[in-house]
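Inside the fold
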Protein chains: 4
Amino acid sequence: MNGLHRVKTSSSLRKTRSRLGLHPSAPIDEDHDIHERQKLLWSRIRIALREPFAEFWGTFIMIMFGDGSVAQVLLSTGQETAPGSNGFGAYQSISWGWGLGVMLGVYVAGDSGAYLNPAITFCSCLFRQLPWRRLPIYFLAQVLGAFTASGVVYANYISAIDHVEGHGIRTVPPSKTATAGIFCTYPQPFLTKTSQFFSEFVASALLMFVIFALKDPSNNGVPKSDKWFPLCLFFLIFGLGACFGWETGYAINLARDFGPRLMSYAVGYGHEVWSAGGYYFWIPMVAPFCGCTFGGFLYDLFIYTGRSPVNTPWMGLKHIFRPDYAWQVRNEHLRREKEEGIV
Amino acid sequence: MNGLHRVKTSSSLRKTRSRLGLHPSAPIDEDHDIHERQKLLWSRIRIALREPFAEFWGTFIMIMFGDGSVAQVLLSTGQETAPGSNGFGAYQSISWGWGLGVMLGVYVAGDSGAYLNPAITFCSCLFRQLPWRRLPIYFLAQVLGAFTASGVVYANYISAIDHVEGHGIRTVPPSKTATAGIFCTYPQPFLTKTSQFFSEFVASALLMFVIFALKDPSNNGVPKSDKWFPLCLFFLIFGLGACFGWETGYAINLARDFGPRLMSYAVGYGHEVWSAGGYYFWIPMVAPFCGCTFGGFLYDLFIYTGRSPVNTPWMGLKHIFRPDYAWQVRNEHLRREKEEGIV
Amino acid sequence: MNGLHRVKTSSSLRKTRSRLGLHPSAPIDEDHDIHERQKLLWSRIRIALREPFAEFWGTFIMIMFGDGSVAQVLLSTGQETAPGSNGFGAYQSISWGWGLGVMLGVYVAGDSGAYLNPAITFCSCLFRQLPWRRLPIYFLAQVLGAFTASGVVYANYISAIDHVEGHGIRTVPPSKTATAGIFCTYPQPFLTKTSQFFSEFVASALLMFVIFALKDPSNNGVPKSDKWFPLCLFFLIFGLGACFGWETGYAINLARDFGPRLMSYAVGYGHEVWSAGGYYFWIPMVAPFCGCTFGGFLYDLFIYTGRSPVNTPWMGLKHIFRPDYAWQVRNEHLRREKEEGIV
Amino acid sequence: MNGLHRVKTSSSLRKTRSRLGLHPSAPIDEDHDIHERQKLLWSRIRIALREPFAEFWGTFIMIMFGDGSVAQVLLSTGQETAPGSNGFGAYQSISWGWGLGVMLGVYVAGDSGAYLNPAITFCSCLFRQLPWRRLPIYFLAQVLGAFTASGVVYANYISAIDHVEGHGIRTVPPSKTATAGIFCTYPQPFLTKTSQFFSEFVASALLMFVIFALKDPSNNGVPKSDKWFPLCLFFLIFGLGACFGWETGYAINLARDFGPRLMSYAVGYGHEVWSAGGYYFWIPMVAPFCGCTFGGFLYDLFIYTGRSPVNTPWMGLKHIFRPDYAWQVRNEHLRREKEEGIV
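Just so you know, these numbers come straight off a predicted model, no measurement behind them. (Residues numbered from 1 in each chain as written. Chains lettered and ligands numbered in written order. Predicted model: local features only at pLDDT ≥ 70, side-chain atom pairs only at ≥ 80, totals over all residues. Heavy atoms only, no water.)

What follows covers the overall build of chain A. From N to C terminus, chain A includes 15 helices and zero strands. For 343 residues, the compact-globule formula gives about 20 Å, and the C-alpha radius of gyration of chain A, at 22 Å, lands near that figure. Projecting the C-alpha coordinates of chain A onto the three principal axes gives extents of approximately 65 × 50 × 40 Å. The 343 residues of chain A split such that 63% are buried. Across chain A, the fraction of contacts at a sequence separation of at least 24, relative to all contacts at a separation of at least 6, is 71%. Working note: accessible area of chain A is about 12,500 Å², and carbon and sulfur atoms make up 63% of it. Chain A carries 29 positive and 24 negative side-chain charges, and their two centres are separated by 8 Å. (Helix = DSSP H or I, 4+ residues; strand = E, 2+ residues; numbered from the N terminus. Rg over C-alpha atoms; globule rule 2.2 N^0.38 Å. Buried < 20%, exposed > 50% of the residue type's maximum accessible area, 1.4 Å probe, protein only. Contact = heavy atoms within 4.5 Å. Areas by Shrake-Rupley, 256 points an atom, 1.4 Å probe, with all protein chains shown as cover. Lys, Arg positive; Asp, Glu negative; His and termini not counted. Charge placed at Lys NZ, Arg CZ, Asp CG, Glu CD.)

Rendered as structure tokens:
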């Protein structure tokens with residue numbers, strides 16, 4: 001918590017937060033006179049929804065820069081009035097956009113842990129003891145943030161999209177003037193279904209593996225302070241874009257892909273946003289979960305020495321094959337939580 | 001103030017500074033034997049104008065690199081004698097130029113807070129208790145810094161501009177050989193007035209939102225030390241250029257746009273610098289203030305828990321709708337200031 | 001060891017590790033309840049093979065991003081459906097890929113020292129007192145990591161390779177559609193054998209010279225903390241790619257070149273992977289050792305003031321020309337080790 | 001001195017160092033058992049020449065990457081076998097090469113202060129109390145380092161130069177296949193002599209102004225630790241290349257231009273290396289001194305509050321116009337030095 005303490009919030013607020021799946025106390029700087037402000041309605045709401053707001057805005061910033069970079073490069077392709085007379089950016093701009101979008105999003109969303117990605121939240125629950133009841137509201141906040149941000153990008157570039165596609169025309173790849181690729185990912189035409197899945201799977205596994213390394217305080221290569229994490233993440237995301245971004249567009253994130261896809265469907269890109277690439281849309285929803293889980297498993301298997309299911313008997317699978325054992329561990333866990341006053 | 005103390009300046013200097021709208025004591029390192037130097041005329045001037053000088057030179061450095069990068073890319077477009085035989089830079093160089101220009105400008109202008117942008121100074125007054133009387137002289141210093149720097153860039157590239165446009169000819173887009181775009185921004189021709197305004201508004205809102213996050217000491221994602229701020233700003237400005245820089249040229253700063261525009265008018269680019277794009281020139285003057293205010297408001301609304309008008313009854317609007325209340329708060333504030341000896 | 005202590009591992013584990021050439025105690029965070037976990041078979045294996053696992057995965061990550069970037073740029077060359085309509089990356093992407101691959105690999109492999117390169121391990125033994133018995137298992141882990149990672153890259157891009165070369169066709173430069181260059185390096189055709197060797201030699205010497213500077217705690221220019229090292233390494237590798245990467249592809253690493261070359265031979269690129277460029281394959285195996293040794297020697301000769309053979313009589317060559325002296329030094333060394341309980 | 005102490009060196013060494021213009025005690029880590037090593041001849045030489053060696057190798061590294069990047073881009077222009085099929089790098093690679101070359105050079109040359117540029121050494125003497133007697137040997141080391149490094153770059157790329165120009169042919173711009181631009185700078189043909197001078201002058205002034213800001217411990221914007229300096233320098237040099245690098249090639253450094261120019265003359269580029277561009281060669285020798293002096297003067301005039309001639313009566317010009325005053329100050333200075341035992 002970097003020098004901050006969880007502030008004693010009023011008991012009604014604690015109940016609300018607990019019901020939402022959050023820790024009863026909000027992560028707020030103690031210096032701030034929260035008590036007085038709790039009299040204001042909106043301040044109470046802000047305290048109750050602190051982490052979801054953080055995830056929402058973190059994802060929002062990520063998508064603004066990410067989708068914004070694709071929009072600028074794609075829509076201005078080959079424009080001769082540009083300085084340098086060849087468009088306002090090249091493919092590399094997209095690596096920059098997503099890389100720095102994630103970096104700045106992590107800065108913005110510091111209060112929630114800055115997952116910005118349901119698959120990473122999922123693996124943090126699975127491998128790193130983040131309580132499972134956090135998952136639903138984080139998930140919702142992430143998808144909504146991505147949905148909203150892609151809407152703003154659409155509004156910002158609507159004149160330009162009209163200019164490129166023709167007024168009111170909206171198409172999806174492989175149309176030659178397709179602009180749907182600004183918002184969500186569409187695979188290269190020569191890929192088999194297996195290759196599509198594998199490409200997303202590999203990129204997601206890399207993502208989780210390296211993030212777990214960067215967040216592992218017992219790895220000697222990693223600075224103990226968290227200060228370097230966002231910059232390292234910039235390089236990681238940049239790298240995924242430059243090295244594994246071609247075949248399927250490195251969605252590696254349900255929120256990043258599904259939110260904007262829904263938005264593009266809503267504004268009129270038509271049913272093809274779902275059917276394109278042989279109903280590709282489910283792959284960037286499912287593959288990131290599989291890939292991140294595998295990547296996290298590999299890290300814990302080979303390197304991690306801290307507390308993880310992989311470091312328990314049967315590598316954590318005892319939970320699955322021996323339900324009585326899982327039940328016993330869970331009860332133990334709940335009992336301990338109650339003792340410590342966390343509901 | 002990072003370990004520095006405001007030095008006891010002589011009482012005449014204190015009065016001068018106060019009259020200029022500055023804090024009576026200049027932010028100068030105590031180790032420096034200011035007392036002795038105050039006998040020198042110029043040292044007195046330097047102490048009196050410390051923050052305006054910092055803003056002037058910070059903005060100067062920002063514009064030198066920013067306008068310089070546009071000049072180099074635009075004027076050398078397609079030059080075959082370049083290594084790589086396609087000009088001395090591409091559109092991305094401009095993202096680099098502005099990004100690192102702002103970064104280095106912030107390093108240079110550390111003594112004043114390094115706003116470099118009237119809209120950001122304005123929002124710091126509105127949301128972060130920077131005294132309003134600082135605004136005029138900061139504003140002046142920023143515009144003058146941008147004006148001067150663009151003049152130096154013009155002087156540096158005058159041979160090359162003559163080479164590209166023809167001796168003594170100076171044109172404004174959409175002329176094919178226009179070089180006015182080196183100094184200030186001109187919108188893409190297909191944009192409606194609304195899209196022009198919206199594009200500047202969105203980029204400004206993003207700018208202010210992320211800067212408030214990076215400057216928020218109670219945001220857990222942000223390093224407590226200020227050391228990372230300039231580098232993060234590099235990524236932020238780079239991102240605005242790569243993701244929202246095409247349509248209107250991401251001025252997002254009155255000083256950055258109006259200063260150089262005035263300079264280009266003065267050296268003979270003609271009346272078109274004002275009339276181009278349907279008298280576009282007022283948009284990068286007005287939109288940044290609106291956008292930054294909205295971005296700052298969003299941050300305070302959803303994330304900020306410190307002292308801000310948004311965290312007061314009626315979200316600070318009580319000041320507007322109940323003048324008696326505002327009067328009362330203001331008197332309270334002045335009284336406190338007088339007690340603490342700040343005039 | 002950055003605040004970690006070598007944990008008392010059980011005596012059978014100590015013996016196993018010692019036999020493998022490793023330090024008897026594994027570098028594991030003391031807080032982790034290793035004792036209990038040592039009852040689990042896999043945890044014991046993980047402790048026994050801690051440093052080889054770190055080297056394996058560090059090299060793996062490096063090759064994933066490095067080879068991945070070459071694959072993406074090479075296979076998507078000129079693709080018109082790309083945003084910007086000219087492929088998914090340019091040569092610079094490859095500098096990014098290798099630079100950030102090494103950076104992230106060093107973060108991952110912190111527990112072993114993160115050499116990722118047999119030549120650097122070799123020079124650390126020669127000049128920096130890393131025990132020679134570490135070399136074989138580090139070497140094996142590095143080559144295996146590179147081999148495995150290049151296999152994953154191949155699997156990921158197999159559809160695309162089929163698309164570019166034709167189904168099941170695999171060729172080696174100078175074939176026009178050659179894709180073997182994704183995995184290992186092939187020299188430019190106009191180079192003489194001497195130039196090939198010299199180019200790898202110079203790049204390797206630069207690599208070792210700058211790494212020794214960055215790791216030299218008595219060099220005033222270098223931050224005392226290790227935190228900056230991975231980022232500096234990014235710039236160093238990026239620079240080698242941008243400045244000395246053309247002629248021979250800057251392998252500068254036996255593991256990086258030989259591992260993937262073996263893999264490409266195994267999957268059917270044919271005997272040409274060895275014979276291409278006049279049986280070039282041995283140069284990136286031998287030259288890095290010569291170059292790194294020379295670079296390390298130069299640094300120690302002109303700048304290093306710490307403990308190094310160069311700072312002993314006859315610049316360390318007394319060991320070579322006077323075997324009795326070497327024998328005496330070695331016995332002294334072994335005796336001291338035994339006293340300190342390191343076997 | 002970052003936690004290091006100047007080691008008591010033997011009295012004969014102290015005399016040698018003093019005669020060379022260096023501080024009598026070498027900046028060496030106290031932990032290192034220097035006393036014993038002083039028995040070795042080479043160790044004595046290394047201690048005597050510590051700072052010149054540091055400047056030599058720092059400049060060497062800078063030129064290796066800088067000239068190397070130009071060589072790679074220029075010689076591989078348009079090569080179709082490159083991944084991406086358009087050469088191994090574009091103009092931006094050169095910004096990278098010089099930027100990271102300077103950064104890594106500063107890391108390497110930490111023991112001497114890492115000036116790497118006679119004009120910066122000169123301004124440090126003029127404005128920052130670096131003793132003038134350091135200048136000659138630093139100057140020599142810098143020019144020799146640049147000369148040597150450019151020779152190694154030439155040797156590395158000799159096959160490729162033969163390939164591009166024809167065996168044994170070496171030409172200077174404006175020849176179409178000229179490769180002399182790899183080593184030193186040649187101006188664009190449309191520039192007048194004034195523009196040539198002004199361009200180098202402006203870039204040098206920017207360089208010195210920003211470096212003085214980054215090195216000013218009383219500037220609130222600058223981190224107190226030196227750790228960020230090399231990275232900031234990367235951005236500064238990158239920016240000069242991207243924004244002011246076109247017209248004259250941003251030499252801004254006598255050593256960087258004259259050393260390699262001499263080398264290229266020596267290996268047979270002919271008399272044109274001096275006569276090209278209307279005997280341009282003297283401009284990158286003279287303009288950096290003028291520009292850096294002006295830039296340093298501006299910084300001290302408007303921002304610096306520490307000890308500087310500009311902060312003395314008559315802004316330091318009293319020294320020039322009143323020789324008796326200068327004499328008096330100098331005697332005072334020498335007397336103080338003698339008292340403190342520095343000869």
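That shown, we press on.
Below, the discussion takes up the interface of chain A and chain B. Taken together, the contact pairs 55 residues of chain A with 58 residues of chain B. The largest contributions to the chain A side of the interface with chain B come from A:Trp57, A:Tyr107 and A:Asn156, which together make up 14% of the buried area. There are zero salt bridges connecting chain A and chain B. Put simply, chain A and chain B have 21 residue pairs in polar contact (both at pLDDT 80 or more) between them. (Buried area = accessible area lost by both parts, 1.4 Å probe. Salt bridge = Lys/Arg side-chain N within 4 Å of Asp/Glu carboxyl O. Polar contact = N/O pair within 3.5 Å; in protein donor to acceptor, adjacent residues only side chain to side chain.)

Now for a positive patch on the surface. Where like charges cluster on the molecular surface, the positive patch consists of A:Lys227, B:Lys227, C:Lys227 and D:Lys227. On the secondary structure map, D:Lys227 appears in the loop between helix H9 (193-214) and helix H10 (229-244). Take D:Lys227: its relative accessible area is 35%, and that puts it in the partly exposed class. (Patch = residues over 30% accessible without salt bridge, like charges linked within 9 Å, V, L, I, M, F, W, Y side chains within 5 Å.)

This next bit is on the side chain of D:Arg50. Positionally, D:Arg50 belongs in helix H4 (residues 50-75). Exposure remark for D:Arg50: the relative accessible area of 3% places this residue in the buried category. Within the structure, the side chain of D:Arg50 is placed 3.1 Å from the backbone oxygen of C:Ile303, a separation counted as a polar contact. In this structure D:Arg50 touches C:Ile303, C:Thr305, D:Arg17, D:Ala26, D:Pro27, D:Ile28 and D:Asp111, once residues within four positions along its chain are discounted.

Moving on, we get to the domain arrangement of chain A. Residues and elements named next belong to chain A. Taken domain by domain, chain A holds domain 1 (11-47), domain 2 (51-302) and domain 3 (312-339). For domain 1 versus domain 2, the separation of C-alpha centres amounts to 31 Å. Taken together, the contact between domain 1 and domain 2 spans nine residues of the former and eight residues of the latter. Both sides of the domain 1 and domain 2 interface together cover about 740 Å² of buried area, and 58% of this is carbon and sulfur. (Domains from an automatic or database assignment.)

Attention shifts here to the environment of A:Gly110. Relative to the assigned elements, A:Gly110 resides in the loop between helix H5 (91-108) and helix H6 (118-128). Spatially, the C-alpha atoms of A:Gly110 and A:Glu51 are 8.9 Å apart, while their sequence positions differ by 59 residues. In contact with A:Gly110, other than residues within four places in its own chain, are B:Asn219, B:Asn220 and B:Gly221.

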